[in-house]
Amino acid sequence: MARRPVHLSQRQARACWISAQKLDHAEPFGDGPEAVRLAVEHLGYVQIDTINVIERCHHHILFNRIPRYRRRDLATAQSVDKTVFEYWTHALSYVPTRDLKFFLPAMKDHRDNPVRWSSGVAPEELKKAIARVRREGPLSIRDIDEEPVEKEHLWASRKPSKKALQRGFYNGRLAIAGRTGMVKTYDLMERHFGWERAPRPATENQIIDYMIDRSLTAQGIVSLDSICYLAASKKAAVAQKIEQRVRARKLLSVSIQGDAKTAYWARPETIEQLPPTPELTHVLSPFDPLIIQRKRTAAFFGYDHLFEAYVTKEKRKLGYFALPVLCGDEIVAAIDLKADRPQNRLLIQNWVWTDAADPERHKPIIDEALTRFERFQLAYDEAVDAPE
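Small disclaimer: the values here were computed from a predicted structure and weren't measured.

Attention shifts here to the sheet that holds strand β5 (residues 139-140). Taken together, the three strands give an open sheet; going across it, the order is β5-β7-β6, and neighbouring strands pair in antiparallel fashion. Taken across any chain shown, the strands that pair with only one partner, and hence form the sheet edges, are β5 and β6 (174-180). The sheet strands contacting helix α6 (residues 123-136) are β5, β6 and β7 (183-188), and the helix crosses β7 at an angle near 80 degrees.

Our focus in this paragraph is the packing of helix α9 (residues 204-219) against helix α11 (residues 235-247). Close contact between α9 and α11 brings their axes to 10 Å; oriented N to C, the two are set at 70 degrees. Taken as axis vectors, α9 and α11 run roughly perpendicular relative to one another. Of the residues in α11, those touching α9 at Asn205, Ile208, Asp209, Met211, Ile212, Asp213 and Leu216 are Ala237, Val238, Lys241, Ile242 and Arg245. When grouped by side-chain class, the residues that make up the contact of α9 with α11 number seven nonpolar, one polar and four charged.

What follows deals with the pairing of β7. With respect to burial, β7 is a largely interior element, five of its six residues being buried. Across two bridges, β5 lies against β7 in antiparallel orientation. Among the inter-strand pairings, Ser140 is bridged to a residue of β7, identified as Thr185. Across six bridges, β6 lies against β7 in antiparallel orientation. Following the sheet pairing, Thr180 is matched in β7 by Val183. Taking the residues between adjacent antiparallel strands as the criterion, β6 and β7 are bridged by two residues, where Gly181 takes a positive phi near 65 degrees.

Before going further, it helps to spend a moment on helix α4 (residues 71-79). Considered for burial, the residues of α4 that qualify are Arg71, Asp73, Leu74, Ala77 and Gln78. Buried residues in α4, looked at end-on, bunch into an arc of 160 degrees, giving them a common side.

Here we take up helix α13 (residues 294-301). Of the positions making up α13, those classed as buried are Arg296, Thr297, Ala299, Phe300 and Phe301. Downstream of α13 by a residue or two, Gly302 has a phi angle that is positive, lying close to 65 degrees.

Right, let's talk about unusual backbone geometry for a bit. In this model, Leu230 sits at a positive phi of 55 degrees, which is unusual for a non-glycine residue. With respect to the secondary-structure elements, Leu230 resides in the loop between α10 (224-227) and α11. Given a relative accessible area of 62%, Leu230 falls into the exposed group. Unlike most non-glycine residues, Asn344 shows phi in positive territory, near 55 degrees. By the secondary structure assignment, Asn344 is in the loop between β13 (330-340) and β14 (345-353).

A few words now on the pattern of salt bridges. Per the stated rule, a full pass over the model turns up 27 salt bridges. With a shortest N-O distance of 2.6 Å, Glu55 and Arg71 are connected by a salt bridge. In this pair, Glu55 sits in the loop between β2 (46-47) and α3 (57-63) while Arg71 sits in helix α4, placing the two residues 16 residues apart along the sequence. Take Glu55 and Arg71: they sit in the same class, and that class is buried. Its salt-bridge partner being Glu136, residue Arg135 comes within 3.6 Å of it at the nearest N-O pair. Judged by its relative accessible area of 60%, Arg135 falls in the exposed class. Counted as one network, the salt bridges with shared partners bring together Glu34, Arg37, Glu41, Arg98 and Asp99.

To continue, consider the packing of helix α1 (residues 10-20) against α13. Where α1 meets α13, the axes come as close as 8 Å, and the angle between the chain directions of the two elements is 130 degrees. Comparing the axis directions of α1 and α13 gives the class oblique. Within the contact between the two elements, α1 uses Gln10, Ala13, Arg14, Trp17 and Ile18 and α13 uses Arg296, Thr297, Ala299, Phe300 and Phe301. Class assignment for the residues of the contact of α1 with α13 results in six nonpolar, two polar and two charged.

This part is about the sheet that holds strand β1 (residues 6-8). The pairing of strands in a sheet comes from backbone hydrogen bonds and takes either a parallel or an antiparallel form. Read across the open sheet, the four strands follow the order β1-β9-β10-β8; overall the sheet is mixed. On the outer flanks of this sheet lie β1 and β8 (221-223), each paired with one strand and no other. Direction aside, neighbouring strands of the sheet carry axes that sit 40 degrees apart on average. In this sheet, strand β10 (residues 264-266) lies alongside strand β9 (residues 252-256) in antiparallel orientation, the contact comprising three bridges.

It is worth spelling out the nonpolar core at this point. By size, the foremost hydrophobic cluster in this structure holds 86 residues, and its most contacted members are Leu62 and Ile366. A total of six residues in this core trace back to one element, the largest contributor, which is α9.

Turning to its location among the elements, Leu370 is positioned in helix α14 (residues 359-377). Taking relative accessible area as the criterion, Leu370 reaches 9% and is therefore assigned buried. A C-alpha to C-alpha distance of 35 Å links Leu370 and Thr262, two positions 108 residues apart in sequence. Apart from residues no more than four positions distant in its own chain, Leu370 is found in contact with Val283, Ile335, Leu337, Ile348 and Trp351.

In this fold, Tyr87 is placed in strand β3 (residues 84-88). Along the primary structure Tyr87 and Tyr45 are separated by 42 residues, whereas in three dimensions their C-alpha atoms are 9.4 Å apart. With residues near it in sequence (within four places) discarded, Tyr87 still touches Leu92, Ser93, Val95, Phe103, Ala106, Met107, His110, Phe169 and Tyr170. Of note is the side chain of Tyr87, whose polar atom sits 2.5 Å from the backbone oxygen of Tyr170.

What counts, and at which threshold
Residues numbered from 1 in each chain as written. Predicted model: local features only at pLDDT ≥ 70, side-chain atom pairs only at ≥ 80, totals over all residues. Heavy atoms only, no water. Pairing = 2+ DSSP bridges. Helix = DSSP H or I, 4+ residues; strand = E, 2+ residues; numbered from the N terminus. Contact = heavy atoms within 4.5 Å. Axes fitted to C-alpha atoms, helices over the stretch in contact; angles between N-to-C directions. Parallel < 35°, antiparallel > 145°, perpendicular 65-115°, else oblique. Nonpolar A, V, L, I, M, F, W, Y, C, P; charged D, E, K, R; others polar. Buried < 20%, exposed > 50% of the residue type's maximum accessible area, 1.4 Å probe, protein only. Arc of directions from axis to C-beta. Salt bridge = Lys/Arg side-chain N within 4 Å of Asp/Glu carboxyl O. Core = buried A, V, L, I, M, F, W, Y, C linked by side-chain atoms within 4.5 Å. Polar contact = N/O pair within 3.5 Å; in protein donor to acceptor, adjacent residues only side chain to side chain.

And the structure:
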């Protein structure tokens, strides 16, 4: 006989998710490159994005969980300690190196079925690019002198050789060994990691388990959509595995107040030790894992975040790059910020309160959080912030 789902209030569900995201403790991972490793391992991935109107999202996401975070800590984790690497999750992301085996099958699949923006590279061009990296050492696109061409895709490069380097990266032949801003340096995968022998690729069954476990750790309470975010082809296999875990009592079915249509699951220990209501305040990136799945954010917080960077100015409601503000367990505002780097200050372009806000109470708390964020945002790190 099937067990009845454990019923949670929306507030209890939020506390579980915020706790799983490590946004309820001031310094959950410590500091330095080791904190970067621990944070990326816990979250499963940290999304990378090119938008630079304020601090780029990968640094921003880490700052919210590592208050003493420095950009060079991520550079060290990637290029020296090699505890994180870059690859595609639902977007280009930093991923724990310990999880590399789960991405090797995707690299093989890309060799057989390249994505559109790197499919036009001829085999001889790819061989030439890899041979040059092998011969000359790590290369960035700056190291290659050639005439630009017209782009064939929004994410493509105007330098033909960059397309070959990207193809080698997605194929798993090359690794991104480091970055200066958004300029990537490529090296041979085996040389970057110092392999004598490559890891054994995970099986499809192991990948499904990995997806479920990664989501349970970072989300606390999961749904089929949240596990398979932008990976719909995995849903049938994930659903089958969840059913097996429920029968084995390794997972509990959960229902959340106000969301009768969605089935949720959690580990028994998550339900047995529900966290208290969080109290910290965070100015979040719109790409933060707490925000990126918009339907989930709406279900847990009753808040629909709008990302309007690609919306015409006259149609924007929140602003070009509005940042959601988490106060305790409520999203109370969305603030559109812009970095005025010549004047070394942050500009508030727009400030919108949500229905959950108490402006008189929340304004001074948010002002403190903005001051902390401004100090981080405008701190220049010569090791990684050289002009691109």
